[in-house]
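Read off the chains here:
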Amino acid sequence: MVALPTIIRAMAMGAVPILLASLGEVFSERAGLVNIGLEGIMAVGAFTAFAVGKVTGNLWVGLLAGMAAGVVVNMIYAFCTVTLCSDQVVTSMAINILAPAVALFGYNLFVGSNPDNATGAQMPSIAIPGLSDIPIIGNGLFNQSLLAYLAFLLVPVVWFFFKRFRAGLSFRSVGENPQAAETLGINVVRVKYVACVVCGALAAAGGAFLTICYTPIYTDGIVAGRGFIALATVIFGRWSAVGVMLASLLFGFFDGLNVALQASFQSAPVMFFKMIPYIFTIVALMFFGSKHGGPKANGKPYFRESR
């Protein structure tokens, strides 16, 4: 039998990288930028955090380095789409091709002939007194790494930013009607660049989670489509921080179910269980993806002279 506590723990861990990348994409799309290059950014963040954490012996330094690397990669997307007004989908697909290849090349250089560099360290789990003792769900939800807790604490911060802060309202106006926002004194180009910085940092943090919390190694393909699932999560969560969190937990549940089923039915083909999260992604988009179009200027290049 598949143990429910095992699924819940796997759900919580599986939701974190998707949640971080999704929150980054919320910033991007609220500013009118569709970035489907999350997969590549997460790969770069995963490798950089792994390598720097290994060299420095400090996983938090590794995390910050991974986030910085994600920002650098996403600045390529920002320059092409915001400054040069290139097609956002084509540019971000190029990021998905380039970034994982760069990460793999860096990994091969880093490991080289020293196999000891192939394994890093993991952040320890922190049990919250009292809450971690709750039957069935306690150990799974409240015995996680500090980065996992920070990811979920980020949700109300992002929600409050977009609902109550003037800067958050500026983001939303840029995503809805950048020409009108510009007439109100909002620097549309600056808002878009800031959105790319935040998106790159958070998506890379999601990738870093995979190598400093989820597993202590980096392998080619470690992101395993989570960047694309994060895109689906943003649509499923209706471009809202709270909605994205709930959708991430739902996707994380199916990811956790996949892990638990693999452990329980070891004689069955592994790939059969690995399909579960992706099948659910397709089904979710089929039923919920077309009912809401998101920000009206989403995916459209902004030409300042077109005012």
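Note that the structure is predicted; figures quoted are calculated from it, not measured.

*Asks:* Break down the layout of surface pockets for me, citing the residues and quoting the values.
*Replies:* The gaps of empty space that remain are located by a probe, the size of a water molecule, rolled over the atoms. Taken as a whole, the largest pocket encloses approximately 430 Å³ of empty space. Elements supplying a minimum of two residues to the lining of the largest pocket: helix H9 (188-214), helix H10 (226-236), helix H11 (241-264) and helix H13 (276-288). Top contributing element to the lining of the largest pocket by residue count: H11, with five residues. Residues that form the lining of the largest pocket fall into these classes: eleven nonpolar, five polar and three charged. Estimated volume of the second largest pocket: approximately 260 Å³. If you go around the second largest pocket, the residues you meet are Met 11, Ala 12, Ile 128, Leu 141, Phe 142, Gln 144, Ala 148, Tyr 149, Phe 152, Leu 153 and Leu 249. Counting residues per element, the ones that place at least two in the lining of the second largest pocket are helix H1 (4-30) and helix H6 (146-164). Among the elements that take part in the lining of the second largest pocket, H6 stands out by supplying four residues, more than any other.

*Asks:* Requested: an account of the packing of aromatic side chains, with residues and values cited.
*Replies:* All told, the structure shown has 17 aromatic pairs when counted by the stated rule. For the pair Tyr 107 and Tyr 218, a centre-to-centre distance of 5.4 Å together with 50 degrees between the ring planes defines the contact as tilted. Taken as a pair, Tyr 107 in helix H4 (residues 88-111) and Tyr 218 in the loop between H9 and H10 lie far apart in primary sequence, 111 residues in all. Judged by centre distance (5.7 Å) and plane angle (75 degrees), the rings of Phe 160 and Phe 165 are edge-to-face. Here a set of aromatic residues connected by ring pairs shows up, and it is made of Phe 27, Phe 160, Phe 161, Phe 162, Phe 165 and Phe 171.

*Asks:* Tell me what's going on with the nonpolar core, and back it up with residues and numbers.
*Replies:* Counting 48 residues, the largest nonpolar core has Phe 47, Tyr 218 and Phe 251 as its most contacted members. Of all the elements, helix H2 (residues 38-56) adds the most residues to this core, at nine residues. Counting 37 residues, the second-largest nonpolar core is a separate cluster that includes Leu 63, Val 158, Phe 171 and Cys 213.

*Asks:* Explain empty space enclosed by the protein residue by residue, including any values.
*Replies:* Across all of its chains, the model carries one cavity of 30 Å³ or more by this definition. Approximately 40 Å³ is the volume attributed to the largest cavity. If you trace the largest cavity, you find it lined by Leu 33, Thr 81, Val 82, Gln 88, Lys 192, Lys 300, Pro 301 and Tyr 302. For the lining of the largest cavity, the per-class residue count stands at four nonpolar, two polar and two charged.

*Asks:* Could you give me a rundown of the pattern of salt bridges, with the residues and numbers involved?
*Replies:* Counted under the stated rule, the structure contains one salt bridge. Note that Asp 255 is salt-bridged to Arg 226, the shortest N-O span being 3.8 Å. Taken together, the residues Asp 255 in helix H11 and Arg 226 in helix H10 connect sequence positions 29 residues apart. A relative accessible area of 11% places Arg 226 in the buried class.

*Asks:* Account for unusual backbone geometry, with residues named and values stated.
*Replies:* The backbone of Ala 224 sits at a positive phi, close to 55 degrees, despite the residue not being glycine. Along the chain, the position of Ala 224 falls in the loop between H9 and H10. The exposure class of Ala 224 is partly exposed, given its relative accessible area of 34%. Positive phi, normally seen in glycine, also occurs at Trp 239, with a value near 55 degrees.

*Asks:* Requested: an account of a nonpolar patch on the surface, with residues and values cited.
*Replies:* The grouping of Phe 272, Met 275, Ile 279, Ile 282, Val 283, Met 286 and Phe 287 at the surface amounts to a nonpolar patch, some 730 Å² of accessible area in total. Counting residues per element, the nonpolar patch draws most heavily on H13, at five residues. Within the secondary structure layout, Ile 282 lies in helix H13.

*Asks:* An account of the environment of Phe 171 is requested, with residue identities and associated values reported.
*Replies:* Its place among the elements puts Phe 171 in helix H7 (residues 166-176). Judged by its relative accessible area of 5%, Phe 171 is buried. Sequence spacing of Phe 171 and Val 188 is 17 residues, and the spatial spacing of their C-alpha atoms is 8.6 Å. The contacts of Phe 171, once residues within four sequence positions are left out, are Phe 27, Arg 30, Ala 31, Phe 161, Phe 162, Val 191, Val 194 and Ala 195.

*Asks:* So what's going on with the packing of helix H3 (residues 59-83) against H4? Which residues, and what values?
*Replies:* Remark: H3 packs on H4, axes separated minimally by 10 Å, with the N-to-C direction vectors making an angle of 155 degrees. The orientation of H3 relative to H4 falls into the category roughly antiparallel. Crossing hand, H3 versus H4: right-handed. On the side of H3, the interface is formed by Val 73, Ile 76, Tyr 77, Cys 80 and Thr 81, while H4 contributes Gln 88, Thr 91, Ser 92, Ile 95, Leu 98 and Ala 99.

*Asks:* Before we move on, could you go through H2 and cite the residues and values that matter?
*Replies:* Here H2 spans 26 Å end to end across 19 residues, near enough to the 27 Å set by a 1.5 Å rise per residue. Where burial is concerned, most of H2 is hidden: 15 out of the 19 residues are buried. Immediately downstream of H2, the backbone of Gly 57 shows phi near 75 degrees, a positive value.

The rules behind each value
Residues numbered from 1 in each chain as written. Predicted model: local features only at pLDDT ≥ 70, side-chain atom pairs only at ≥ 80, totals over all residues. Heavy atoms only, no water. 1 Å grid on protein atoms, 1.4 Å probe; cavity = no way out; pocket = protein on both sides within 12 Å on 5 of 7 lines; lining within 4 Å. Points joined across faces, edges and corners; volume = space filled by probe spheres on them. Helix = DSSP H or I, 4+ residues; strand = E, 2+ residues; numbered from the N terminus. Nonpolar A, V, L, I, M, F, W, Y, C, P; charged D, E, K, R; others polar. Phe/Tyr/Trp six-rings, centres within 6.5 Å; stacked < 30°, edge-to-face > 60°. Core = buried A, V, L, I, M, F, W, Y, C linked by side-chain atoms within 4.5 Å. Buried < 20%, exposed > 50% of the residue type's maximum accessible area, 1.4 Å probe, protein only. Salt bridge = Lys/Arg side-chain N within 4 Å of Asp/Glu carboxyl O. Patch = residues over 30% accessible without salt bridge, like charges linked within 9 Å, V, L, I, M, F, W, Y side chains within 5 Å. Areas by Shrake-Rupley, 256 points an atom, 1.4 Å probe, with all protein chains shown as cover. Contact = heavy atoms within 4.5 Å. Axes fitted to C-alpha atoms, helices over the stretch in contact; angles between N-to-C directions. Parallel < 35°, antiparallel > 145°, perpendicular 65-115°, else oblique. Left-handed = near helix turned anticlockwise from the far one by under 90°. Expected span 1.5 Å × (residues − 1).

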